[in-house]
Amino acid sequence: MKGMKATVVMFMAIILFGFDNSEAKVIDTEQTDIQENMDIVERGIKIMTQSTPEKIKQFNNQKDSDYSFAQDSVVAGIKEKLPIVVDKFTMFDDISRNNNKLIYKYIMKGLPKEVILLKQNQQSVLNKIVTLYCGNDPNVKALKLLFPNGVSYNYYLANEKIMSFDLKPSDCDSK
């Protein structure tokens with residue numbers, strides 16, 4: 001019975017995760033078909049070997065409303081691409097999460113602090129952030145679901161936080 005369950009789990013894993021048609025191609029040779037089938041089997045075996053008793057227990061203990069694993073994946077995926085130069089004055093330097101909130105860190109250079117802190121410049125930055133956060137981009141919509149306490153945009157100049165803007169999904173209700 002245990003062997004039957006393992007086989008069913010393997011085939012379910014292959015069905016759920018093994019078929020990636022994002023690079024679908026017309027296949028002309030039997031050799032290519034065999035290789036693709038072997039790749040699918042190898043992916044299924046890899047998935048099964050990752051399913052340790054500890055990971056199963058961890059999965060079973062996770063609450064449905066606990067988004068921490070997904071949040072960690074988002075943060076790690078973005079961190080891999082950092083730093084990113086946004087413009088000649090701003091670099092997206094770091095990202096983290098805390099209490100269901102996504103936290104962005106930007107470093108600014110080449111402008112005096114007084115210019116950055118002018119009311120109209122702060123309002124311009126805030127307007128751009130609100131437009132992005134409250135827009136219709138499906139990725140941003142997903143982030144709002146994963147981080148229900150919102151986002152925090154933090155701007156640093158010479159290692160000093162000089163501006164910070166916090167937004168929550170409810171801030172978009174009137175938009």
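Residues numbered from 1 in each chain as written. Predicted model: local features only at pLDDT ≥ 70, side-chain atom pairs only at ≥ 80, totals over all residues. Heavy atoms only, no water.

**A look at the layout of surface pockets**
Taken as a whole, the largest pocket holds about 620 Å³ of empty space. Lining the largest pocket we find 25 residues, and of these V86, Y106, V125, I129 and Y155 sit closest to its centre. Those elements that provide at least two residues to the lining of the largest pocket are β1 (84–87), β2 (90–98), β3 (101–108), α5 (113–116), α6 (119–133), α7 (138–146) and β4 (151–157). When residues in the lining of the largest pocket are grouped by element, the largest group, 7 residues, is from α6. Its residues assigned to classes, the lining of the largest pocket comprises 20 nonpolar, 3 polar and 2 charged. (1 Å grid on protein atoms, 1.4 Å probe; cavity = no way out; pocket = protein on both sides within 12 Å on 5 of 7 lines; lining within 4 Å. Points joined across faces, edges and corners; volume = space filled by probe spheres on them. Helix = DSSP H or I, 4+ residues; strand = E, 2+ residues; numbered from the N terminus. Nonpolar A, V, L, I, M, F, W, Y, C, P; charged D, E, K, R; others polar.)

**Re the environment of N100**
Within the element layout of this structure, N100 appears in the loop between β2 and β3. Assessed through its relative accessible area of 28%, N100 is described here as partly exposed. Separated by 50 residues in the primary sequence, N100 and G150 have C-alpha atoms spaced 7.3 Å apart. When near neighbours in sequence (up to four residues on either side) are disregarded, N100 contacts Q71, L146, F147, P148, N149 and G150. (Buried < 20%, exposed > 50% of the residue type's maximum accessible area, 1.4 Å probe, protein only. Contact = heavy atoms within 4.5 Å.)

**Some thoughts on the pattern of salt bridges**
Per the counting criterion, the structure on display carries 5 salt bridges. R97 is paired through a salt bridge with D72; the nearest N and O atoms lie 2.6 Å apart. Here R97, found in strand β2, pairs with D72, found in helix α4 (residues 68–79); they are 25 residues apart in sequence, far enough to count as distant. Its salt-bridge partner being K113, residue E160 comes within 2.8 Å of it at the nearest N-O pair. Here K113 lies in helix α5 and E160 lies in strand β5 (residues 160–167), a separation of 47 residues in the sequence. Residue classification places E160 among the partly exposed residues on the basis of a relative accessible area of 37%. Among the residues examined, K113 registers a relative accessible area of 30% and is labelled partly exposed. (Salt bridge = Lys/Arg side-chain N within 4 Å of Asp/Glu carboxyl O.)

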